[in-house]
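Residues per chain, in single letters:
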Amino acid sequence: MPIGHQDVDISVQGRFQGADQPLSGVKVYLFTPTQSYLGQVEETAADGTVRFSLPGQDYMVRADHMGRQYWSRTFNQQNTSVAIPMADVQVTVTGAGLPREDLNVYLFSESDAYLGINAKTDVNGQVGFRLPSGSYKFRADYQGNQFWSGDIALYAD
């Protein structure tokens, strides 16, 4: 008995101030509508999409990005998307009241897990990140010491 399948494209987008940007390298997991994992996972391509070949029944997907989970709505043999609300943050590093240039600033979750992202401060001692809304910590390394921010809550847009 043949079971018909259809290719379904799932798009994972970061949404900032109403504009969507594709997110690559995001793992997308396939679930039933009751959130039972079906053993299928794909990673988004540069265009922010993955493709599953699925028989006609209801599904949900979960996109895991930067230590957080984002769910789709229920779908049945139709393309769908997962929108991740984004926020901008600017971190300023100073020492003795002066901006500190060319220092690495590292991004951590609120539970102190390194999220694999870092950037160097500019001439004003600043570095910017666009991140999913949520709470984060930042660490700057200077002269062999580590300097931490407190928890910083970022809100969408």
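Everything here concerns the structure above.
Each residue is numbered by its place in its chain's sequence as written, counting from 1. For a predicted model such as this one, the threshold for reporting local features is a pLDDT of at least 70, and the threshold for listing and counting side-chain atom pairs is 80 or more; totals across whole chains, interfaces and linings nevertheless cover every residue. Excluding hydrogens and water, the side-chain values take into account all heavy atoms of the structure.

Concerning the pattern of salt bridges
The criterion, for reference: Any Lys or Arg side-chain nitrogen located within 4 Å of an Asp or Glu carboxyl oxygen qualifies as a salt bridge. Numbering of helices and strands runs from the N terminus; a helix is a DSSP stretch of H or I covering at least four residues, while a strand is a stretch of E covering at least two. Partly exposed describes any residue whose relative accessible area lies between the buried limit of under 20% and the exposed limit of over 50%, with all areas from a 1.4 Å probe on protein chains only and scaled to the type maximum.
In the structure shown here, the tally under the stated rule is seven salt bridges. Aspartate 151 is the salt-bridge partner of lysine 137, the closest N and O atoms lying 3.9 Å from each other. Of the two residues, lysine 137 sits in strand 14 (residues 134-142) while aspartate 151 sits in the loop between strand 15 (145-148) and strand 16 (152-154), which places them 14 residues apart along the sequence. You can call lysine 137 buried: its relative accessible area is 15%. Where salt bridges share partners, they join Asp112, Lys137 and Asp151 into one cluster.

As for the nonpolar core
Quick reminder of the rule: In this text, buried Ala, Val, Leu, Ile, Met, Phe, Trp, Tyr and Cys residues form a nonpolar core when linked through side-chain atoms within 4.5 Å. Working rule for contacts: check all heavy atoms of both residues, and any pair within 4.5 Å makes them a contact.
Formed by 19 residues in total, the largest nonpolar core has its most connected members in Ile10, Val12, Val28, Phe52, Val61 and Phe75. Of all the elements, strand 1 (residues 5-16) adds the most residues to this core, at four residues. Non-local contacts of isoleucine 10, meaning those with residues more than four positions away in its chain, are made with Val28, Gly48, Thr49, Val50, Phe52, Val61, Phe75 and Thr80. Formed by 15 residues, the second largest nonpolar core is a distinct cluster that contains Val89, Val127, Leu131 and Leu154.

Some words on unusual backbone geometry
Even without being a glycine, aspartate 102 presents a positive backbone phi close to 65°. Structurally, aspartate 102 is set in the loop between strand 10 (98-99) and strand 11 (104-109). You can call aspartate 102 partly exposed: its relative accessible area is 49%.

A few points about the packing of aromatic side chains
Rules: Classification of ring pairs uses Phe, Tyr and Trp, with its six-membered ring standing for Trp, and accepts pairs whose centres are within 6.5 Å; under 30 degrees between planes counts as stacked, over 60 as edge-to-face, and the remaining range as tilted. For a ring to carry a charge above it, either NZ of a lysine or CZ of an arginine must fall within 6 Å of the ring centroid while also lying within 35 degrees of the normal to the ring plane.
Taken as a whole and assessed by the stated rule, the structure comprises eight aromatic pairs. Seen from their ring centres, phenylalanine 31 and tyrosine 37 are 5.4 Å apart, and the 50° between their planes marks the pair as tilted. Judged by relative accessible area, which is 6%, phenylalanine 31 ranks as buried. Arginine 62 extends its terminal NZ or CZ atom over the ring of tyrosine 29, reaching a point 4.9 Å from the ring centre.

Some words on the sheet that holds strand 6 (residues 60-65)
Quick reminder of the rule: The rule for pairing is simple: two strands pair if DSSP sees at least two bridges between them. The axes used here are C-alpha line fits, helices contributing only the stretch in contact, and every angle between their N-to-C directions lies in the interval 0 to 180 degrees.
One open sheet holds the four strands; their spatial order is 4-3-6-7, and the pairing between them is antiparallel. Among the strands making up the open sheet, the edge pair consists of strand 4 (37-43) and strand 7 (68-71). The mean inter-strand angle of the sheet, taken between neighbouring strand axes irrespective of direction, is 25°. Taken together, the four bridges between strand 3 (residues 27-31) and strand 4 define a ladder with antiparallel strand orientation. Bridged to valine 28 within strand 4 is glutamate 42.

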